[in-house]
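# Chains, contacts and geometry: an overview
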Number of protein chains: 2
Amino acid sequence: MHVAFQGEPGAFSEEAAGILFANHQVVPLPSMESVFEAVVQGDVERGVIPIENSLFGSVHINYDHLRSHDVSIVGELKLRIRHCLMALPGAALDKITSVLSHPQALGQCKTFIRKELPQAQTVLAYDTAGSAKLVAQSNDLLQAAIAPRRAAAQYGLQILASHIESHAQNYTRFLALAQRGEGHTLAHTGDQPLKTSIVFAPRSNVPGVLFKSLAVFFLRDLDLFKVESRPLVGSPGEYLFYLDVEGGTRDPVLQLALEHLKEISAELRVLGSYPQGPTWDGVDDG
Amino acid sequence: MHVAFQGEPGAFSEEAAGILFANHQVVPLPSMESVFEAVVQGDVERGVIPIENSLFGSVHINYDHLRSHDVSIVGELKLRIRHCLMALPGAALDKITSVLSHPQALGQCKTFIRKELPQAQTVLAYDTAGSAKLVAQSNDLLQAAIAPRRAAAQYGLQILASHIESHAQNYTRFLALAQRGEGHTLAHTGDQPLKTSIVFAPRSNVPGVLFKSLAVFFLRDLDLFKVESRPLVGSPGEYLFYLDVEGGTRDPVLQLALEHLKEISAELRVLGSYPQGPTWDGVDDG
């Protein structure tokens, strides 16, 4: 089986793909959208995407992609994120003038950057491991990247500083994707309880419709894990809502709740039912 | 009075600042955080920040700044966003190899980029007008920036294409900030009804606390305009909620609702009461 992720080899997404689908082939792709498209078109059997970071918030573009592509969520994983500052062998921390990384990684390490690299400018890149690759190719001892430890080994860089994230409670939640309607083939499911992700657009002519939408779950004692709103394109001031709720779509109570929600929604789609994922502490040999 | 905004001269934020506070001096600052700090420290009397775009969603970093800085929201404005592609005089659309802009602007124009500039790579920059400035300084006819029309005049660039945003319903909502406790001095308030913005952390030990939190408003017939969640740093899986609700903090019904919300919140702060802002169609002489 082939499992696509966005980024360069060495990325956190590659690590997550390896944990969710052990002993399968991982495939790096250039963009989040290309991961969704590869899954929809059957070029790969599975995709793994980041959806939320505990410090920085949701990866909103992926919420939009979940709605616009025919995929199902078949699993999730929370991965501890530890960032390293890395540069070419011979580089020194106090000489670094440019720090490259993904905007979220730069945001997660801004306390470190401000304190230890006041002389450096930050340079935005599309992903963390990709910024390590750029530094390796630059032949420039004044450049450094913020990336996972595994990226240093991948690209022959040395670690200048470890654990540079602002807060220890730094986790990224990844989702495993399959073509719509496919079942689960996760490495780690055990007998975990299920979780269901949905997206819905409340009917704009129903007074208090968001409150009523949440009521369909709370009145049936179904816990919500996450509520995320996204603008409804073309209708400024209106929103789509993404909910994670306990239970699987075969549970009669959740089925009734979803039928109830349909009564007051202009659009409703189940994005997937999947085992509530494990928390993984990540690789740290530093 | 001095009004700070983030970005270079020519930015949409500068236009918003000029509309919200006509005939006052606008001050460009390098980062969102520096705008908040300038307001808190009294270096400027007002700040103007983007908080939400109708296509791309919220500017989450600014929600975090609203909570961590002693500012009050004193006004809002919805500004129509029209993007232009601009380059040095003599440049040609089919020769462009790099397109610079803020990630949100690149996202808002991705249909145009994919169709008209398939040969170009996108380069991330911290702001739209700043990317126009970089192109002007580059002396490189192969570079282009996505920026407001006013930035072309500011930096001596020519417009290669206008209205390149994917959807016409493209508005950014800006907030006007003052030191905490300061009153309103907006150019445009009229007798608009008031809106109040709050942030709260639900008590994690109250079952169904999000539903109950929304109930304090809906049971009192107070409409919510916006619900935004942000991760609670240090507590993965817990969230802060930002709400915009109708009414001012002097309205007895809203006061009762906020007292009720305090009963089930670990933290609650009123970010400001301010007139519901106008929608501005923006400058378009193209």
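Residues numbered from 1 in each chain as written. Chains lettered and ligands numbered in written order. Predicted model: local features only at pLDDT ≥ 70, side-chain atom pairs only at ≥ 80, totals over all residues. Heavy atoms only, no water.

Per the counting criterion, the structure on display carries seven aromatic pairs over all chains. Here Phe211 of chain A and Phe218 of chain B contribute two aromatic rings whose centre-to-centre distance is 5.0 Å and whose plane-to-plane angle is 25 degrees, an arrangement assigned as stacked. With Phe211 of chain A in helix α8 (residues 209-218) and Phe218 of chain B in helix α8 (residues 209-218), this pair bridges two chains. Taking relative accessible area as the criterion, Phe211 of chain A reaches 16% and is therefore assigned buried. Stacked on the ring of Phe225 of chain B, the Lys or Arg Lys195 of chain B has its end atom at 4.9 Å from the ring centre. (Phe/Tyr/Trp six-rings, centres within 6.5 Å; stacked < 30°, edge-to-face > 60°. Helix = DSSP H or I, 4+ residues; strand = E, 2+ residues; numbered from the N terminus. Buried < 20%, exposed > 50% of the residue type's maximum accessible area, 1.4 Å probe, protein only. Lys NZ or Arg CZ within 6 Å of the ring centre and 35° of its normal.)

All names here are of chain A. Pairing in this open sheet of five strands is mixed, and the strands run β8-β7-β9-β6-β10 from one edge to the other. Looking at the sheet topology across the chains shown, the edges are occupied by β8 (121-124) and β10 (158-162). Here the average twist between neighbouring strands, direction ignored, is 30 degrees. Strand direction decides the pairing type here: strand β7 (residues 98-101) and β8, joined by four bridges, are parallel. By the bridge assignment, Ser101 is partnered in β8 with Leu124. (Pairing = 2+ DSSP bridges. Axes fitted to C-alpha atoms, helices over the stretch in contact; angles between N-to-C directions.)

For the pair chain B and chain A, the relating rotation is 180 degrees, the translation along its axis is 0.0 Å, and the fit reaches an RMSD of 0.0 Å. Both copies of the chain, as the preceding transformation shows, are related through a two-fold rotation axis. Of the C-alpha atoms belonging to chain B, the one lying closest to the rotation axis is found on Leu124 of chain B, 3.0 Å away. When you check the interface residues of chain B against chain A, 97% turn up at the interface there too, and the contact is symmetric in its surfaces. (Least-squares fit on C-alpha atoms with pLDDT ≥ 70 in both. Contact = heavy atoms within 4.5 Å.)

Quick look at the nonpolar core now. Among the nonpolar cores identified, the biggest contains 46 residues, and Leu214 and Phe217 of chain A together with Leu214 and Phe217 of chain B are the most heavily contacted of them. Excluding its chain neighbours within four sequence positions, the residues that come into contact with Leu214 of chain B are Leu210, Phe211 and Leu214 of chain A together with Leu224 and Leu243 of chain B. Grouped together as the second largest cluster of nonpolar side chains are 34 residues, Ile113 and Leu124 of chain A together with Ala105 and Phe112 of chain B included. (Core = buried A, V, L, I, M, F, W, Y, C linked by side-chain atoms within 4.5 Å.)

Now for the packing of helix α2 (residues 32-40) of chain B against helix α3 (residues 60-68) of chain B. Residue and element names in this part refer to chain B. In contact at an axis separation of 10 Å, α2 and α3 are set at 25 degrees when each is read in the N-to-C sense. In terms of their interaxial angle, α2 and α3 are classed as roughly parallel. You can see that α2 and α3 cross each other, and the crossing is right-handed. Residue-level contacts link Met32, Glu33 and Phe36 of α2 to Asn62, His65 and Leu66 of α3. Classifying every residue of the contact of α2 with α3 by side-chain character gives three nonpolar, two polar and one charged. (Parallel < 35°, antiparallel > 145°, perpendicular 65-115°, else oblique. Left-handed = near helix turned anticlockwise from the far one by under 90°. Nonpolar A, V, L, I, M, F, W, Y, C, P; charged D, E, K, R; others polar.)

The next point concerns the interface of chain B and chain A. Taken residue by residue, the interface counts 38 residues in chain B and 38 residues in chain A. Regarding the contact of chain B and chain A, the summed buried area is about 3,200 Å², with carbon and sulfur atoms giving 64% of it. Interface area lost by chain B to chain A is led by Leu124, Tyr126 and Phe211 of chain B, which between them contribute 19%. Our count for the chain B to chain A interface comes out at two salt bridges. Linking Arg114 of chain B and Glu33 of chain A is a salt bridge whose minimum nitrogen-to-oxygen distance equals 3.0 Å. Applying the counting rule to chain B against chain A returns seven residue pairs in polar contact (both at pLDDT 80 or more). Counting only elements with at least two residues in the side of chain B that touches chain A, the list comes to β3 (46-53), α3, α5 (110-116), β8 (121-124), α8 and β13 (224-231) of chain B. Per element, the largest residue contribution to the side of chain B that touches chain A is seven residues, and it comes from β13 of chain B. Residue composition of the side of chain B that touches chain A, grouped by class: 20 nonpolar, eleven polar and seven charged. (Buried area = accessible area lost by both parts, 1.4 Å probe. Salt bridge = Lys/Arg side-chain N within 4 Å of Asp/Glu carboxyl O. Polar contact = N/O pair within 3.5 Å; in protein donor to acceptor, adjacent residues only side chain to side chain.)

Attention now goes to α8 of chain B. Where burial is concerned, most of α8 of chain B is hidden: nine out of the ten residues are buried. Considered for burial, the residues of α8 of chain B that qualify are Val209, Leu210, Phe211, Ser213, Leu214, Ala215, Val216, Phe217 and Phe218 of chain B. Where α8 of chain B is buried, its residues contact α8 and β13 (224-231) of chain A together with β12 (194-202), β13, β14 (239-246) and α9 (252-263) of chain B.

Mean pLDDT over chain A: 91, with 95% of residues reaching 70 or higher. Least confident of the elements in chain A is strand β4 (residues 57-58) of chain A, whose mean pLDDT is 81; most confident is strand β6 (residues 84-87) of chain A, at 98. (pLDDT = per-residue confidence, 0-100.)

Moving on: the pattern of salt bridges. One pass over the full model with this rule turns up 26 salt bridges over all chains. As a salt-bridge pair, Glu8 of chain A and Lys133 of chain A come within 3.1 Å of each other at their nearest N and O atoms. Note that Glu8 of chain A is positioned in the loop between β1 (2-6) and α1 (12-20) and Lys133 of chain A in helix α6 (residues 128-138), a separation of 125 residues in sequence. Looking at Lys133 of chain A, the relative accessible area reads 28%, which means it is partly exposed. A salt bridge links Glu52 of chain B to Arg173 of chain B; the shortest N-O distance between them is 3.6 Å. Taken together, the residues Glu52 of chain B in strand β3 and Arg173 of chain B in strand β11 (residues 171-179) connect sequence positions 121 residues apart. Salt bridges here are not isolated pairs; linked through shared partners, they connect Glu52, Glu76, Arg173, Lys195, Lys226, Glu228 and Asp244 of chain A.

Attention shifts here to the side chain of Arg269 of chain B. All names here are of chain B. Position of Arg269 among the secondary structure elements: in strand β15 (residues 265-275). At a separation of 2.9 Å, a polar atom in the side chain of Arg269 contacts the main-chain carbonyl oxygen of Arg67. Polar contacts involving the side chain of Arg269 include one to the main-chain carbonyl oxygen of His69, which spans 3.1 Å. Beyond its immediate stretch of four places on either side in the chain, Arg269 contacts Leu66, Arg67, His69, Asp70, Val71, Arg180, Ser197, Ile198 and Val199.

Attention now goes to the sheet that holds β14 of chain B. Adjacent strands of a sheet form backbone hydrogen bonds with each other and so pair up, either parallel or antiparallel. All names here are of chain B. The strand order across the open sheet formed by four strands is β13-β14-β12-β15, and the pairing between neighbours is antiparallel. On the outer flanks of this sheet lie β13 and β15, each paired with one strand and no other. Across this sheet, the average inter-strand angle for adjacent strands is 15 degrees, counted without regard to direction. Bridge count between β12 and β15: nine bridges; the pairing is antiparallel. Residue pairing in the sheet places Lys195 in a bridge with Tyr274 of β15. Where α3 meets the sheet, it contacts β12, β13, β14 and β15, and its direction lies at approximately 90 degrees from that of β13.

We now examine the side chain of Lys226 of chain B. All names here are of chain B. Considering the arrangement of structural elements, one finds Lys226 in strand β13. You can call Lys226 buried: its relative accessible area is 4%. A polar side-chain atom of Lys226 sits 3.0 Å from a polar atom in the side chain of Glu228.

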